Amino acid sequence: MTYAGGTLKSTSINGVKTYSVTGQHRSLASWVDPKKRRALRKDREYMQRVEIIQDLKFETATTRIRATPDGEYLIASGIYPPVVKVYELRELSLKFERHLDSEIVDFKVLSDDYSKLAFLCADRSVRLHAKYGSHYSLRIPRMGRDIEYDCWSCDILCAASSPDLYRINLAQGRFLSPISTQSPALNVVSRSMLHGLVACGGEDGFVECFDMRTRSSVGRINVAIAVGDDVEEVTAIQFDETGGFQMAVGSSAGKILLYDLRSSSPIKVKDHMYGSPILDIKWHHTLNSEKPKLITTDKHIVRIWDPESGEGMTSIEPTAGAINDICVFRESGLLLLALDSPQIPSYFIPALGPAPKWCSYLENLTEEMEESPQTVIYDDYKFLNKEELEKLNLTDLIGTNLLRAYMHGYFINFKLYEKAKEMASPFVYADYIEQKKKEKLEKMYKSRITLQRKLPKVNKVLAAQLLENQEAVDEKQDADAAADKKPSKKRKGLSSDVLEDSRFADMFKDENFEIDVRSQEYLALHPIAAKNQQPLVQEHFNPVLDVGDQSDSDASAASEDELDDEDDESKKRPRVPRLYEVKDERHADAFGNRVSISKEDALPLGERVAALQEEKRSHLPSGIKAGPGGSREISFTTRNTARYKEDDGDEEPHRGKRRGVQSLGLKPMDSAFRGGRGRGSRGRGRGRGRGRR
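As the structure is a prediction and not an experimental result, all values here were calculated from the model.

Analysis parameters
Residues numbered from 1 in each chain as written. Predicted model: local features only at pLDDT ≥ 70, side-chain atom pairs only at ≥ 80, totals over all residues. Heavy atoms only, no water. Helix = DSSP H or I, 4+ residues; strand = E, 2+ residues; numbered from the N terminus. Buried < 20%, exposed > 50% of the residue type's maximum accessible area, 1.4 Å probe, protein only. Contact = heavy atoms within 4.5 Å. Polar contact = N/O pair within 3.5 Å; in protein donor to acceptor, adjacent residues only side chain to side chain. Patch = residues over 30% accessible without salt bridge, like charges linked within 9 Å, V, L, I, M, F, W, Y side chains within 5 Å. Areas by Shrake-Rupley, 256 points an atom, 1.4 Å probe, with all protein chains shown as cover. Salt bridge = Lys/Arg side-chain N within 4 Å of Asp/Glu carboxyl O. Lys, Arg positive; Asp, Glu negative; His and termini not counted. Charge placed at Lys NZ, Arg CZ, Asp CG, Glu CD. Phe/Tyr/Trp six-rings, centres within 6.5 Å; stacked < 30°, edge-to-face > 60°.

Novice: Sorry, what's going on with the environment of S102 here?
Specialist: Relative to the helices and strands, S102 is located in the loop between β7 (93-99) and β8 (104-109). On the basis of relative accessibility, which here comes to 9%, the residue S102 falls in the buried class. Considered as a pair, S102 and C121 are 19 residues apart in the sequence and their alpha carbons are 6.0 Å apart. Other than its neighbours up to four places away in sequence, S102 contacts P82, C121, A122 and D123. A polar contact of 3.4 Å, which involves the side chain of S102, links it to the backbone nitrogen of A122. For S102, the side chain forms a polar contact with the main-chain nitrogen of D123, separated by 3.3 Å.

If you want it as structure tokens, here you go:
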């Protein structure tokens, strides 16, 4: 797959040669003994190595890499410790380095050279650097994920783990009001240099564009639905810098969607076939071709392809570690990759563009290797190791033409890999077959000619029932005719001819003839109509499960044969009445009035609260007002003491009346017995006729 010849290593994919300039030779540790370092002079491979830039490496890994707009400097950030290195490309060496307190998430070049830089760090800080060093530092409310600079308004835009897009104005030196989006959190932000449109990609799979002149949303696109997966997130966005009408969006599932800003549907979808999030997208314009190329990157591979046809030009798969970032020099074929390794490999593709001016000697090195034999690999292959082959049951293909050995694994055709994956997981394959069957049936149903009849405004249920009965009768007659059976002479009920009969025309036009299902006459003639209350029962009541129901629900997880046996046994069992319990008092009142409250529950919360307050006010007596939280308010006037006593005197007889004969409803006693008390009576009376009056 890889040919080592001369001083460069080259690989040909789809007929396009890619030269590995650095990153493939042995790295020399800084603590090596000077004697051993001098002994490397006799090592031919080490002496013939090519270092495009001296000291282009970090201690552990490289996180971000950028080239300044003027093309004179290269800026890279790495770990550990967090450090920024600036290389002067004319001198091909390191200019200076600066150490920071926190790891760099991303950075942006604010000027043509390295004089103004903005770093977004992992401690929620935004650090501004000048030529002399650190200038100012500030913090944003949430953890930052991406940074962008609007040169028209001098605003730094920070996408963070919040729905707000934070803005920092460098001319005024203060925070501006953030731009609120509809996404729960933002992953990426991008800006077009032509029309100034700002696009934000969220965790919910939406891309929302803003006009910074009015700070309002001008459009929102659902990328997840276009891909077919609702779980996908937007991880990369880039505008076309030539026409300004195209936008490339990368998803967390490794797919790139190409949009025209005048349409909400993607015009092209490209899959990286690795399932890893897209890290970066670049529109690359060169002198070799009139049309631009798209360079898309995930942590496994860098793909270069044509945005119009979708055909891949070539790809780069580094072996030193996962990819973190990519730097492509303008109008050239030189690429630098930031990896999870100390080295920063560089690749030169002559078909993509010429070499930059500061390393024009690469042209001479590649011309010397033009006549060398190369091995060709193709882009429609999938790399699998031996463990993955065992999972797919493809170990028998080792040694055949279907598997091509490469390093620690094998290359297999991607179509063959998809088929083997479906066969290895039979349940997924069965679902796939069922889905295909449903799609074919839906196509057959769409091809049929169906008569769509409009139901009348009055007595719709009766009209629909007549039409259903007529269709059932027609199907039965067709079946009898096919079986050569005599038509039945049973008396037929109402048919659909009633709808066309002029004598019954008013029955389906005039509202006075509408059937009242709740009337006593209708219920007496149609006792089966009580089944219509079943939706109300399901709405206002919850079924009560007993032990038998729970056992049936547990048995529903058995196989199909066991289910059939249970169905046969359930037919033999006697029918047991089912029990229901009401949900709450509100549902109980609605069921008592035979009213459905589903429409009321579907209303927004504000309208429901307003309707509830209006209903409470209507039930309150006069003089009482309803307050917030169920409180009540009443107004009254004070009275003087004399009038209060008179009123109390009127109420005394009623309050002082005790339970006695009057409460029993008996007739009052005669006057003869009203006077004194008889013998044996107790009390204060002494003698006859001195009773209490």
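Novice: How do you make sense of a negative patch on the surface when you look at a structure like this?
Specialist: On the surface, E468, E471, D474 and E475 cluster together to form a negatively charged patch. For D474, the position within the fold is in helix α8 (residues 460-482). Relative accessible area serves as the criterion here: at 32%, D474 is assigned to the partly exposed category.

Novice: Explanation requested: the packing of aromatic side chains in the structure shown.
Specialist: Aromatic ring pairs are described here by two measures, namely the spacing of the ring centres and the angle between the planes. The tally for this structure, following the rule as stated, stands at five aromatic pairs. With a centroid separation of 4.9 Å and an interplanar angle of 70°, the aromatic rings of Y73 and Y114 are classed as edge-to-face. In this pair, Y73 sits in strand β5 (residues 73-79) while Y114 sits in the loop between β8 and β9 (117-121), placing the two residues 41 residues apart along the sequence. For Y73, a relative accessible area of 15% gives the class buried. Centre to centre, the rings of F107 and F119 are 5.7 Å apart; their planes meet at 45°, and the pair counts as tilted.

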